[in-house]
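Observations on the three-dimensional arrangement
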Amino acid sequence: MSRFYRIYRIHELLRSAKKPVPMRRFMEELEASRNTITRDFEYLRDSLGAPIEYCREENGHHYEPEAPVFELPGFWMNPAELYALLACEYLLENVQPGLITNRLAPLRTRIRDLLGESGHDAETISERIRIQPIQTRSAEHQIFDPVAEATLAGKCLTFHYLSRSTGTDKLRTVHPQRLVHYRSNWYLLAICDEANALRLFSLDRMSAPSVSADPSKKALKDDLDAFAGSGFGIFGGAATQIAHLKFTEHAARWVAEEIWHEEQKSEWQGGSYHLHVPYSDERELVMEILRYGPDVEVVAPESLRREVVTRVRRMAEIY
C-alpha cells in the first residue's frame, strides 16, 4: 500500500474513531509495520499539522479532543476517488473536445501528480477508456462559452440562427433556460421572443452570440420538463400520442434492455416484444423505427404507420 493511501486511511480511522485507536488496528488495516506507521504519524504531525496524540490509558492514538477539527490540507482524495475524477474529466472533455480543456488543465495536472504520489499510473485512463462520438456536430467555444454564460447567469442572449428546415438566417433574442447535451450534440432550450414560447436551438447553427445585460425570463420547471421530456426525442412539446411498436424476437434482444422514454410501457405477446412510447413530434421517432428495418412494425397510431410506409416506399424506389 502506498504512503499516500496510508496517510488517507490513518486520517479516516482517527477522524471516525470514538476512542483512541490501538496500533494493532492500524497495522492490520494498513498491512504495514509498526515502524512504518510511526513514521506516517510523524509526517502527519510535523508536515501536515495533524493533532495526533498518544493516549496511555487506552493504549491508542487519537486526535486531540480540544483541538480544532483537522482535515488533510489541499486537494486530498484516495486513489479510487482520484481515478473516478480523472475519468470524469476525460468523459467531459470528450463530450465536446476543446470546450473545457484550458479550464480543466490545472485540475488534470494536480490529479495526475497526486496519482503519481500514490503509485498509480494516470495514463492508463486515457489508454483504456475510449469514447467514440458518432454523428457529432461541433459547437465551437466562441459559441458555447457565451451561451453557457447567459444560461448560468440568467441573462438574455442574441444570436443569428440558420434554420435547417427553412434555410433562413434570422436574428434571435432568447431567454436561456437549459443547455442540453443529446446524442453527442448541444442544444439550448430557451424562451424565444419572436415565438413567445419555448424553443430548442442547436448550437452548431448559431453565430455571433451576444450576452445582454438584461435578465432573462424564467419558465416554470414543470413547463421545461414537459417540453424536454414528456415525449420521445429532442423535438419538444407535451406528448400527444402513444406509438405502439411491435419488435421481432431478434430485435427484442436489444430493445427490451433499452429505455426509450421514462414513461414507456412494454410487454411480451407470443414471440413479439411490444413497446408503447409517448411522443409529440414524429420526426426522430420515425428515424429510430427505420433503424430496425423489418424487425419492427408500427401498430398504431395510423398516422405514424402511414409515415413509415411512405418512407419505406420512397427508399424502395431508390433501389
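Presented here is a report on the structure given in the accompanying data block. None of the values given here were measured: they were computed from a predicted structure.

The subject of this paragraph is the packing of aromatic side chains. Given two aromatic rings, their pairing is described by the distance between the two centres and the angle made by the two planes. Taken as a whole, this structure holds 10 aromatic pairs when the rule is applied. Taken together, a centroid distance of 5.0 Å and an interplanar angle of 65° make the contact between Phe144 and Trp186 edge-to-face. Linking Phe144 in helix H7 (residues 141-153) with Trp186 in strand S5 (residues 185-192), this pair joins segments that are 42 residues apart in sequence. Classification of Phe144 by relative accessible area gives buried; the value is 12%. Ring centres of Tyr161 and Phe201 lie 5.1 Å apart, and the angle between their planes is 85°; on these two criteria the pair is classed as edge-to-face. Here Tyr161 is found in strand S3 (residues 155-162), whereas its partner Phe201 is found in strand S6 (residues 197-202), with 40 residues between them in sequence. Among the aromatic residues, those joined into a cluster by ring pairs are Phe159, Tyr161 and Phe201.

As a further point, take the sheet that holds strand S7 (residues 206-215). Strand order across the open sheet formed by 5 strands is S6-S5-S4-S3-S7, with antiparallel pairing between neighbours. Each edge of the open sheet carries a strand with a single partner, namely S6 and S7. The sheet shows a mean angle of 45° between the axes of neighbouring strands, direction not considered. Where S3 meets strand S4 (residues 169-182), 6 bridges bridge the pair, whose relative direction is antiparallel.

The subject of this paragraph is the packing of helix H10 (residues 283-291) against helix H11 (residues 302-318). The relative placement of two packed helices is expressed as an angle between their axes plus a distance between the axes. Where H10 contacts H11, the axes come no closer than 10 Å and their chain directions differ by 60°. Between H10 and H11, the angle is such that the two are oblique. Here H10 and H11 pass one another in a crossing that is right-handed. Each of Leu285, Val286, Ile289 and Leu290 in H10 lies in contact with H11, whose residues at this interface are Leu304, Glu307, Val308, Arg311 and Val312.

A few words on the sheet that holds strand S11 (residues 296-300). What the 4 strands build is an open sheet, ordered S9-S10-S8-S11; its pairing is antiparallel. Among the strands making up the open sheet, the edge pair consists of strand S9 (265-269) and S11. Taken pair by pair, the neighbouring strands of this sheet meet at an average axis angle of 25°, ignoring direction. Here S9 pairs with strand S10 (residues 272-279) via 5 bridges, running antiparallel. Counted as the bridge partner of Lys265 is His276 from S10. Seen against the sheet, H11 touches strand S8 (241-247), S10 and S11 and runs at an angle of roughly 145° to S11.

Attention now goes to the pattern of salt bridges. Any two side chains of opposite charge can pair, so long as their charged atoms come close to each other. On inspection of all chains with the given rule, the structure shows 13 salt bridges. For Glu194, the salt bridge goes to Lys170, with nearest N and O atoms at 3.2 Å. Taken together, the residues Glu194 in the loop between S5 and S6 and Lys170 in strand S4 connect sequence positions 24 residues apart. Given a relative accessible area of 36%, Lys170 falls into the partly exposed group. Note that Lys221 is salt-bridged to Asp225, the shortest N-O span being 2.8 Å. Taken as a pair, Lys221 and Asp225 lie in helix H8 (residues 221-229) at a separation of 4 residues, close to a single helical turn.

Because side chains alternate across strand S2 (residues 60-63), one face comprises the buried residues Gly60 and His62, and the other comprises His61 and Tyr63, equally buried. Bridge count for strand S1 (residues 52-55) against S2 is 4 bridges, and the pairing is antiparallel. Within S2, the residue paired with Ile52 across the bridge is Tyr63. Between S1 and S2, which pair antiparallel one after the other, the connecting turn spans 4 residues, and Asn59 there sits at a positive phi close to 50°.

The subject of this paragraph is unusual backbone geometry. The omega torsion of the bond from Ala300 to Pro301 falls at 0°, within 30 degrees of zero and hence cis. You will see that Asn196, though not glycine, has its phi angle at about 55°, which is positive. Position of Asn196 among the secondary structure elements: in the loop between S5 and S6. A positive phi is found at Ala208, a non-glycine position, where the angle reads about 50°. Note on placement: Ala208 falls in strand S7.

Calculation rules
- Residues numbered from 1 in each chain as written.
- Predicted model: local features only at pLDDT ≥ 70, side-chain atom pairs only at ≥ 80, totals over all residues.
- Heavy atoms only, no water.
- Phe/Tyr/Trp six-rings, centres within 6.5 Å; stacked < 30°, edge-to-face > 60°.
- Helix = DSSP H or I, 4+ residues; strand = E, 2+ residues; numbered from the N terminus.
- Buried < 20%, exposed > 50% of the residue type's maximum accessible area, 1.4 Å probe, protein only.
- Pairing = 2+ DSSP bridges.
- Axes fitted to C-alpha atoms, helices over the stretch in contact; angles between N-to-C directions.
- Parallel < 35°, antiparallel > 145°, perpendicular 65-115°, else oblique.
- Left-handed = near helix turned anticlockwise from the far one by under 90°.
- Contact = heavy atoms within 4.5 Å.
- Salt bridge = Lys/Arg side-chain N within 4 Å of Asp/Glu carboxyl O.

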